[in-house]
Structures are given as C-alpha cells and as structure tokens.
Amino acid sequence: MKRKKLAVLSLLSASVLILGGCSSDGDSSGLSIEVPDIPMHEAMGEFEGELNIVNWSGFVEPAWTDEFTAQTGCKVNPRVAGTSDEMVTLMRTGNYDIVSASGDAALRLIVGGDVQPLNIDLIPNFGGEIAEGMKGNVYDTVNGKPYGVPIGRGANLLQYNSDVTGGAPESWDVVWETDSPYAGKVTAYDAPIYIADAAVYLMYHNPELNIKNPYSLDADQLAAAIDLLKQQNSIIGEYWSDPVAQITSFVGGNTVVGTSWEILRKFAAKENLKTTLPKEGSTGWYDSWLVSSTTKNVNCAYAWMDYTSRADVNGAIAMNFGMAPANIAFCATSEKAQAHCDEFAAEDEEFFKQVWPWTTPIETCLDGRTDVKCTSFQEWTNAWLTVKG
Amino acid sequence: MLRLSRATKAFLLVVVAIVLVFMYAPLFILILNSFNESQISGWPIESFSTKWWIFAKDYQPIRAALLNSVLVATGAMIIASILGTLVAFALKGFEFFGRATVNLLVVLPIALPGVVTGVAFSNTYSNFLSPAGFNIGYFGMIVAHATFCIVMVFNNVFARLKRMNPHLQEASADLGAGLWQTFRLVTFPQFRTAFVAGALLAFALSFDEVVVTIFTAPPGVDTLPLWILKEMARPNQASVVNVVATVVILLSLIPVYISQRLTQERQ
Amino acid sequence: MSTATESRPISTYLFRRPRVRLFSLLALPMTWIVGVYILSLFLLLITAFWYVDPFTSLVRPGFTLDNFQAVFTEPAYISTSLRTLWIALAVTILSVIFAVPLGLYMAKIAPAWLRNALAVAITLPLWAGYLVKIIAMRLVFTEEGFFNWLMAPFGIKGPGFSMPIVILTLTYLWFPYMALPVYTAIRQIPTNLFDASSDLGARGFMTIYRVVIPLITPAIIAGSVFTFSLSLGDYLAARFTGGATQMIGSMIAANINLNPPMAAAFSMVPITFVVIYLMVARRTGSLERM
C-alpha cells in the first residue's frame, strides 16, 4: 500500500525541479529542492463547516475563534502539540487540516508532501504589512512557491542572571567554552535543532569551516558542531525542553546563563534575569500556518489563514503566546500593542537579521552548494544523542 | 523481643528516621507549594495564597483528564482482575511443563521498562494495525494498561491461594456442588480480600502510569499524569500542578485505608 | 444430592479432565499476553530492521542492520547504556541498604502499633503519584531549594541536578517495592533464630549479615526486579532531576517520532538486560514471591 503511494509521489516529484529565484528573499535564489507536486487551491468555494487545527498552546483560543466561527460557520477543533515532532506526526495522520508549524517542522512537511502550496491571492490579509523578514524564507517557501502564512516569530536569546554576571555577556562563549566562569551553571535547549546554535557560533569563530547556513552542514561541518556540543556538555548544568523546568532552574539558581525565549524571562518575573542577543547572532523560531495536502476543509483553512492574518487577530495570538506578530500593522493599533511590539522587537528587522530561523536540515544543501550532500535531520537526531553520551 | 545491643537498636532507629524524612519531606514541600502565591515553585515560600486552589477548582482540562484516568484505570482493572485470577488458579492447581514460563510471562510486562512497553504497543498500533485500516484509539491505551496490571492481581490472589485449604473445594465437590457453585460459595470468599487488594493495586498502577500512556494515548486525550507532564510546558500556570499533585496525594489515602482495613480483616 | 452431579455435565467433564481445566484457565490470559504483548515486542524487533526514508522520513519495511550496528558501535550509545545499567544497580543496592534495617526494626523491634503505622507510611508514597514525586524531588534539590536551605548551617551543599540525584530520585520512586517484601520476609524469620545467633556469640551486625540476609535473599531478589527494571527504563527522572544525565530511555523516547526503527533497536538493550535478570531471578524461585 505504502510502496504504491510512495511510487506515485516520487513519480510526480521527479520532473518538477523548478529553479527558485522568484521569491522576494535574495539568498534563496538559485536553490532548488525536490518536492512532490501538489496542486494548489484555485478559487474559494463554500465553507465546509469545520476546521481541525494542530497548534502550539495559546494559538487557538475562544477569544478569537468565536468570531471566526460566527463569520464563516467553520467550527474550530484545536489540538495542542508540545513539540515540532509531535506536530509532524499528527499532520501525517491525515486527521487535521492546518498546522501552526515552526520552520523545523515546516520544511519536513513540505518535502514529505504532507502540505500543499498556497494561493496567496485568496488570502487578502497576507500582504503589505507582513514583516519583511518573515516573507519568502526557505522553511516555508520552496522553489518560489509559498507554503506557509506567517504567524509570528521569536529569537533564541542568551538569558543571564545579572546578579552573577554583572553586565550582559557580549558573546555566546560563556555557554560554549570550557573556561566559562559559569561552568556547571549553563543551560542548553534539549533538541537536535540546537546543533544549529553550535553552527552559528562556529560561523563566527571558525570561518575556515566555511559554514554559510547553520541548517546546511556537510558531514565535516556537522562533526565540528557536534565536537563543540560535546565540549559544551562538560559545562552544562541542565538541558531543558520543558519551559517550566528552565524557568525554575533560572529562578532556583541552578542556571546562570543559557538559551531562553523572551516570554520565559517574562514569566520568571525576576529583576535579575535579563536577555541579550550576543554578537554571533542566534537562531529563532518562525511559525506559519501550513495546509494539509489531504484536507477536506480547504475553504475553511484559507478563511482561517486570512482571518488570523488580520492585524488585530494576529496581534492577539502574538500577545497571548509571547512573540513578535507577523502582521506589524498591529503595532500601531494601540499603546499596549506598541509596547508589546517593542518588547519583542517585532519591527526591528536589524535585530532579526542576526537571527537564523529554524529550518529542517535536508540532504539538499540550503546554502546552494551542489558538490556535496548535506546532513539530514535524521543524521542530526542521531548525532544529537551522542552529545550527551 | 529481639536481643540486640543498644547501639544496634539506635542505629536501626536512625535509619528508620532517615527513610521517613526522605520519603515525606519532598511531599511536604510540594503540598506547601500548592499554597505558594507565585507562578513558580520555590523555597522558602515568600507569600501564601489559595489562588491556585481556586483556579484549579473550575479548570475544565483537569476534570477531563481525571475522568479519562478513572475510565482507563477502571477498564484496565477489570481486565487485569479476570486475567490475573485465571493465571493464579492455573499456577496454583496444576504442575505442568512451562509453568515457570507462564509465571515469567505474567511478570514481564511490569519488569520490562515502560518506555519499551509503550513503544512496542504504539509500534503495533501505528505501523501494523492502522495501515491495515484498524484504528484502535482509546481502547489501545486500556489494552496496554491492562497488560502490565495483570501481575498485581495475580500476585495477590496466588499468594492467598497457596495458603488455602484445597480440601474445602474437594469437600464442596463431594457434596455435589458444580465448579461455579464451589467457586462462588467456597473458593471466592476465601480469596476475596486478596482479590480486592490486587484489583486496587491494579487500579492505582494504571491511574499513576505515565510512560506507557505517553506512547499509547490517542491524540487529544490526556490522563491526569499526562496532563501534569504537559503542564510543564505552560509556565503561566505552573503552580496549579502542585494543587493537583496535593489532591492526588490526598486521594491516595483512600486506597491505603481500604487495603489497610483488608489486611486487618485477614489477620 | 447425587443427582446434582448428573445435571452438571460441564462441571463433571471438567472435573474429570484436569488438562482441559488447565487449558480453559490459561487460554484467555495467555492469548492476551502472548497474542497482544509478546507479539508487539516481536513486531518491535522486526521494526528494528526497517529503515526510515531520508526523503519523506516515513518508515519503510526492509532489512538493514544499520540500527543495531549504531547501537553497538557508537561509543556514546554504549556509554549511555552502561551508565543506565550502573544507575539501575546503584538504585537497587541503595534500596537494599535502607530496606533491611527498616524491615528489621519494623518486624522485630517496633511495638505493634508502630509497626502498622510504619507499614502504612511506606505504602502511602507508593500511591502518591510518580510524576508528583519527581516534581517534589526537583523542588527539594534545586540550587536554592529545600535541601541546600536545610543543610546550609552545616556547610553542606547538594550536588545540583546530576546523576547522584537521579539515583536518589529513582530510589525514592521504587523503594517501597523493595521495603515491603523485605519487611514481610523478615517477619517470617522466627525470633529464636536471632537468639541462637547471639547465644553463639554473634554481634548485631554479624547476625544481620549471617542470618538475616541469606533468609531474605529471595525477597530481595523479588524486590530488585522492580527497583532494577523500573530504573533501567526510566527517563523522566533523568529529564527533570538529571541535569545533563542521559539514560537509555531518553534515547528511545527521542527517536520514537523521528526514527522508530532506531528506537526499536535501542529498546532491545533494556529488554536484554531485564530478560537476563529475570532468568537469573527465576532460577532462585523468587518470581513466585513477588
């Protein structure tokens, strides 16, 4: 059964190698990725009456779904997922229409043929006011075709306890080098995608490795990143995957420096805990709506994407979750909105230029190299398990 | 009374004290933290409040998770009680080739790590059953729980059967009672307390289980432990976990009380 | 009365044929355990030879030894396996060290009321919830937590989240499984055995070592099946109180979504450890005492 399906998929995809370059983002030009050819929705039809969503906690709340249901008659059934992997698994069950995927899940879903390209003309609210840095990125725009509608973004920042460190550390070296003054009190994000953070550090400090994109590592570059992670392992106090655990570690004094999100610092509610973006730059998560390739509720899905791209709705989601909204028109709507945008650097493209959005590593090198094969997420996962050995 | 030197007795008493402190101090800290006003647990507690108790009282997801836990644990308990008792009778009444293997098979599901059991079931469900068009869903979780609960009922019933007088059943048969009648009127009353204690243990084991549940719970279904685990991802209401944990501790007094009564009844 | 037998053909039939009776007792439970559980384990073993398509990351049937090769050759995976084994053994030993004196005190020294109270006291945490206890241990051993707060006047400082705390947490979780059978076994030792031992000149600790331990070994083995195997597969204790400690369970859990065949291959490691352990335990006849 499965074999047959796969054969059909690869047959469809084999000939479709469109060269990119039509996207607004310059650096993905020339890159082509093999993806299954799935038709896009041509024109809006009648609403199907329901919409099954896989989402991050806080993205789908009655405060804004009620109005949507009243307008369209589409009943919203949300399902909260805890990790990107869980989202991918859930989407592959075929029971869901739309997902709020981060970039590390999005490209996997696109390449796997689980989601369909989008007809942006049917989403009028997607347009002028979407933050420049969230348009046309490779995690949700492949071969010039858009697959995702941006929701919001956030950076992986360096959080520090200023009682201990004094000022803000200028460099990530406090979490990577064994002579760190905070050895044993360092925290790191517990997921394979964290390998990219090592790559970002190496891009700055070891230019001879020639890393151009932290998600596009050949075997040697991956090995260098893993070596750095193994070195870091000796000074790690705790790896975190549960936000509550990370917060209690910072508040409880187990952790002095390490990866964090702005929203976690806010929840910790301690004066002495601060965040900074060190000189090497960082990684970050950019979330978008992606529509299942087998959805039965495609009109409701499009209506939902349009509705949640509206400045006020997009802002409500961003404020509820604690991230920078994709639609920056929201920022001007009120003083409170502006304060939120400032806190999360929503309009600060200079800030986000230093942030590499989470992207699933695939065999095709995302930095445009064609002479080598890059390491896939599968290899990242296996390598990640060797770090903590 | 045992003749032991004063020093030895003192040493034993110290060990007992250490064990008790070790077992109860963490629970005590946790219970106190359910009254912590802060979102984040900590020590010492700066200000006390009942706001998380009030918040938890009307919080729907907790009720849904509790209901799921009770349903799954009840289902698992019923299945495990029947299967565990059957095995106990087989091993008690018969000497046969493979007896030790049957014993091993009953113990295996609890002895193998939960993550293996969970992964094995989820592998069967998602890589074999669902491609075959069979979606087991909610029942899959009950099946998995029942499997590792069998041993609890088996142990209790088997231990009691070993101490029972087999002649009573023979006498009953001699008097013309059928197997079912003998079981109902003679055998069952003798192991009833062990049976209830075993079933109670099975219920508790299932109610508390989290690792197997992580891998076998269908999308969108949370049991109480699963809900607590997921709550670790929601920093804005972290303290509500302490409230639920305190309630779980308090609820656990009920089965402990019942099994205590049962043991006393036995003696 | 004798007519009753004639009117119960099934009872009579079964009564005369113990084999059939045995079969009818075992049919249902064995179908369940073998047909559902053992079959699932077997399918898991098969999956361990499959592979994941790197392009679509879907599981594809096939035959590859790559997963097993990785498990047995990658130094990091081997050291994780050995560390887990060591943690499980340490938990078991620690449980015995505390369970024997506790059982001795309860069974042979404490007055009846205290004995019953202690029996309840050890059982209660068993019901208090697995996650609840892990969270509680996290609270206690946080840097600015209860333990360091309590010990500060003595100049003692906890090790922070690390392997020793994982061992302590797992001991906390599974200790009752050791303490209860040990206590029951010590209760069954006649008190005059102790007297005989001390009459022969053995001191307190010698008595424990020479008399008590051999008599309760089956109970210790029965308890150790729980403390050992439950620790072996655990990963949540390591996740919340282990800091950077990785266990086999963590590797299985990390792979279950991304690479199920790899997770299946990893699962074979604890299965092997536990089955060997059970085989040894079965030889001693301890399984029937569990």
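Residues numbered from 1 in each chain as written. Chains lettered and ligands numbered in written order. Predicted model: local features only at pLDDT ≥ 70, side-chain atom pairs only at ≥ 80, totals over all residues. Heavy atoms only, no water.

Some thoughts on the interface of chain A and chain C
Quite often, the size of an interface is put as the accessible area lost when its parts meet. Chain A puts 35 residues into the contact, and the matching count from chain C is 35 residues. On inspection of chain A and its partner chain C, the count reaches three salt bridges. Put simply, C:Glu143 and A:Lys185 hold a salt bridge, and the shortest N to O gap is 3.3 Å. Here chain A and chain C share twelve residue pairs in polar contact (both at pLDDT 80 or more) between them. For the side of chain A that touches chain C, the secondary-structure elements that each account for two or more residues are helix H1 (2-14), helix H3 (84-92), helix H4 (103-111), strand S9 (236-240), helix H9 (243-252) and helix H15 (377-387) of chain A. Per-element tally for the side of chain A that touches chain C: the top contributor is H15(A), with six residues. (Contact = heavy atoms within 4.5 Å. Salt bridge = Lys/Arg side-chain N within 4 Å of Asp/Glu carboxyl O. Polar contact = N/O pair within 3.5 Å; in protein donor to acceptor, adjacent residues only side chain to side chain. Helix = DSSP H or I, 4+ residues; strand = E, 2+ residues; numbered from the N terminus.)

Remarks on the state of the cysteines
Defined simply, a disulfide is a covalent bond joining two cysteines at their sulfur atoms. All names here are of chain A. This model, assessed by the stated rule, comprises three disulfides over all chains. Linked covalently through their sulfurs, Cys-331 and Cys-341 form a disulfide whose S-S length is 2.0 Å. Classification of the bridge connecting Cys-331 and Cys-341 rests on its S-S torsion, roughly -85°, and on that basis the disulfide is left-handed. Residue Cys-331 is found in the loop between strand S13 (324-325) and helix H13 (335-343), and its partner Cys-341 is found in helix H13; the two are separated by ten residues along the sequence. Overall, Cys-341 belongs to the buried group, its relative accessible area being 1%. In this model, Cys-365 is linked to Cys-374 through a disulfide, with the two sulfur atoms separated by 2.1 Å. Its S-S torsion of about 105° marks the bond between Cys-365 and Cys-374 as right-handed, since a negative value means left-handed. (Disulfide = S-S within 2.5 Å. Buried < 20%, exposed > 50% of the residue type's maximum accessible area, 1.4 Å probe, protein only.)

Description of the domain arrangement of chain C
All names here are of chain C. For chain C, the assigned domains are domain 1 (2-47) and domain 2 (70-289). Here the C-alpha centre of domain 2 lies 36 Å away from the C-alpha centre of domain 1. Contacts between domain 1 and domain 2 engage four residues on the former and five residues on the latter. Of the roughly 360 Å² buried between domain 1 and domain 2 on both sides combined, carbon and sulfur atoms contribute 87%. When the area that domain 1 buries against domain 2 is broken down by residue, the three leading residues are Leu-44, Leu-45 and Thr-47, summing to 87%. For the pair domain 1 and domain 2, the interface holds zero salt bridges. Joining domain 1 to domain 2, the criterion identifies zero residue pairs in polar contact (both at pLDDT 80 or more). (Domains from an automatic or database assignment. Buried area = accessible area lost by both parts, 1.4 Å probe.)

Side note on the pattern of salt bridges
All names here are of chain A. In this structure the tally under the stated criterion is 22 salt bridges over all chains. When the shortest N-O distance is used, the salt bridge between Arg-108 and Asp-85 registers 3.0 Å. Here Arg-108, found in helix H4, pairs with Asp-85, found in helix H3; they are 23 residues apart in sequence, far enough to count as distant. Both residues of the pair, Arg-108 and Asp-85, belong to the buried class. Across the pair Lys-353 and Glu-350 runs a salt bridge whose closest N-O atoms are separated by 3.8 Å. Here Lys-353 and its partner Glu-350 are both found in helix H14 (residues 349-353), three residues apart, which amounts to about one turn of the helix. Assessed through its relative accessible area of 65%, Lys-353 is described here as exposed. For Glu-350, a relative accessible area of 54% puts it in the exposed group.

Some details on the nonpolar core
The biggest cluster of nonpolar side chains holds 189 residues, and the ones touching the most others in it are C:Tyr130, C:Leu170, C:Ile216 and C:Leu236. In contact with C:Tyr130, other than residues within four places in its own chain, are B:Asp208, B:Val210, B:Val211, C:Leu173, C:Trp174, C:Asp234, C:Leu236 and C:Ala237. Listed in part, the 129 residues of the second largest apolar core include A:Ile53, A:Ile98, A:Leu222 and A:Val313. (Core = buried A, V, L, I, M, F, W, Y, C linked by side-chain atoms within 4.5 Å.)

Some thoughts on a nonpolar patch on the surface
Residue and element names in this part refer to chain B. Together, Val-247, Leu-251, Ile-254, Tyr-257 and Ile-258 make up an exposed nonpolar region whose accessible area comes to about 430 Å². Of all the secondary structure elements, the ones that give two or more residues to the nonpolar patch are helix H11 (240-251) and helix H12 (253-266). Here the nonpolar patch takes three residues from H12, the largest share from any one element. Counting through the fold element by element, Leu-251 comes out in helix H11. (Patch = residues over 30% accessible without salt bridge, like charges linked within 9 Å, V, L, I, M, F, W, Y side chains within 5 Å. Areas by Shrake-Rupley, 256 points an atom, 1.4 Å probe, with all protein chains shown as cover.)

As for the confidence of the model for chain C
All names here are of chain C. Put simply, chain C has an average pLDDT of 85, and 92% of its residues get 70 or more. When mean pLDDT is compared element by element in chain C, helix H5 (residues 75-109) scores highest at 94, while helix H1 (residues 2-6) scores lowest at 47. Low pLDDT, under 50, characterises residues 1-5; the stretch is placed with three contacts to residues that sit more than four places away or in other chains. (pLDDT = per-residue confidence, 0-100.)

Quick look at the interface of chain B and chain C
Taken together, the 101 residues of chain B in the interface contact 95 residues of chain C. With both sides pooled, the region where chain B packs onto chain C buries about 9000 Å², and carbon together with sulfur makes up 79% of that total. Along the contact surface separating chain B from chain C lie zero salt bridges. The interface formed by chain B and chain C holds eight residue pairs in polar contact (both at pLDDT 80 or more) in total. Residues of the side of chain B that touches chain C, tallied by class, amount to 75 nonpolar, 20 polar and six charged. (Nonpolar A, V, L, I, M, F, W, Y, C, P; charged D, E, K, R; others polar.)

Points about the packing of aromatic side chains
For the structure shown, the criterion picks out 46 aromatic pairs over all chains. For the pair B:Phe121 and C:Tyr37, a centre-to-centre distance of 5.8 Å together with 35° between the ring planes defines the contact as tilted. Taken together, the residues B:Phe121 in helix H5 (residues 114-129) and C:Tyr37 in helix H3 (residues 18-47) connect one chain to another. Residue class for B:Phe121 comes out buried when judged on its relative accessible area of 0%. Taking the relative accessible area as the measure of exposure, C:Tyr37 reaches 0% and is therefore buried. (Phe/Tyr/Trp six-rings, centres within 6.5 Å; stacked < 30°, edge-to-face > 60°.)

Quick word on H4(A)
All names here are of chain A. Among the nine residues that make up H4, nine are buried, leaving the element largely enclosed by the rest of the structure. Considered for burial, the residues of H4 that qualify are Gly-103, Asp-104, Ala-105, Ala-106, Leu-107, Arg-108, Leu-109, Ile-110 and Val-111. The elements touched by buried residues of H4 are H3, strand S3 (98-102), strand S4 (141-142), strand S12 (282-291) and H15.

A closer look at the side chain of C:Thr64
Residue and element names in this part refer to chain C. Counting through the fold element by element, Thr-64 comes out in the loop between strand S2 (59-60) and helix H4 (66-73). Judged by relative accessible area, which is 11%, Thr-64 ranks as buried. Looking at Thr-64, its side chain comes within polar contact range of the main-chain nitrogen of Asp-66, at 3.0 Å. Each residue touching Thr-64, except ones within four places of it in the same chain, is listed here: Ala-48, Phe-49, Trp-50 and Tyr-51.

Some details on the sheet that holds S9(A)
Residue and element names in this part refer to chain A. A sheet is described by the order of its strands in space; here five strands give the open sequence S9-S8-S10-S7-S11, paired in mixed fashion. Edge positions in the open sheet fall to S9 and strand S11 (273-276), since each of these has one partner strand only. Between one strand and the next, the sheet's axes are offset by a mean angle of 30°, whatever the strand orientation. With four bridges connecting them, strand S7 (residues 157-161) and strand S10 (residues 257-260) associate as antiparallel partners. Looking across to S10, one finds that Gln-159 is bridged to Gly-258. (Pairing = 2+ DSSP bridges. Axes fitted to C-alpha atoms, helices over the stretch in contact; angles between N-to-C directions.)

Here we look at the pairing of S10(A)
For a regular strand, the rule is simple: side chains alternate between the two faces of the sheet. Looking at chain direction, strand S8 (residues 186-189) of chain A and S10(A) are connected through two bridges and run parallel. Within S10(A), the residue paired with A:Val186 across the bridge is A:Val257.

Overview of unusual backbone geometry
All names here are of chain A. One non-glycine residue, Asn-210, lies in the positive phi region at around 65°. Relative to the elements of secondary structure, Asn-210 occurs in the loop between helix H7 (195-205) and helix H8 (219-233). For Ala-345, which is not a glycine, the phi torsion comes out positive at approximately 55°. Here Ala-345 shows up in the loop between H13 and H14.

Observations regarding H5(B)
Residue and element names in this part refer to chain B. For H5, with 16 residues, the first-to-last C-alpha span of 21 Å sits near the 22 Å given by 1.5 Å per residue. Within H5, twelve of the 16 residues are buried, which leaves it mostly tucked inside the rest of the structure. Where H5 is concerned, the buried positions are Val-115, Val-116, Thr-117, Gly-118, Val-119, Ala-120, Phe-121, Ser-122, Asn-123, Thr-124, Tyr-125 and Asn-127. (Expected span 1.5 Å × (residues − 1).)

Observations regarding the side chain of A:Thr381
Checked against the element boundaries, A:Thr381 lands in helix H15. A residue is classified by how much of its surface remains accessible, and A:Thr381, at 1% relative accessible area, is buried. A:Thr381 has contacts with A:Pro192, C:Ala254, C:Asn255 and C:Leu258, leaving out every residue within four places of it along the chain.

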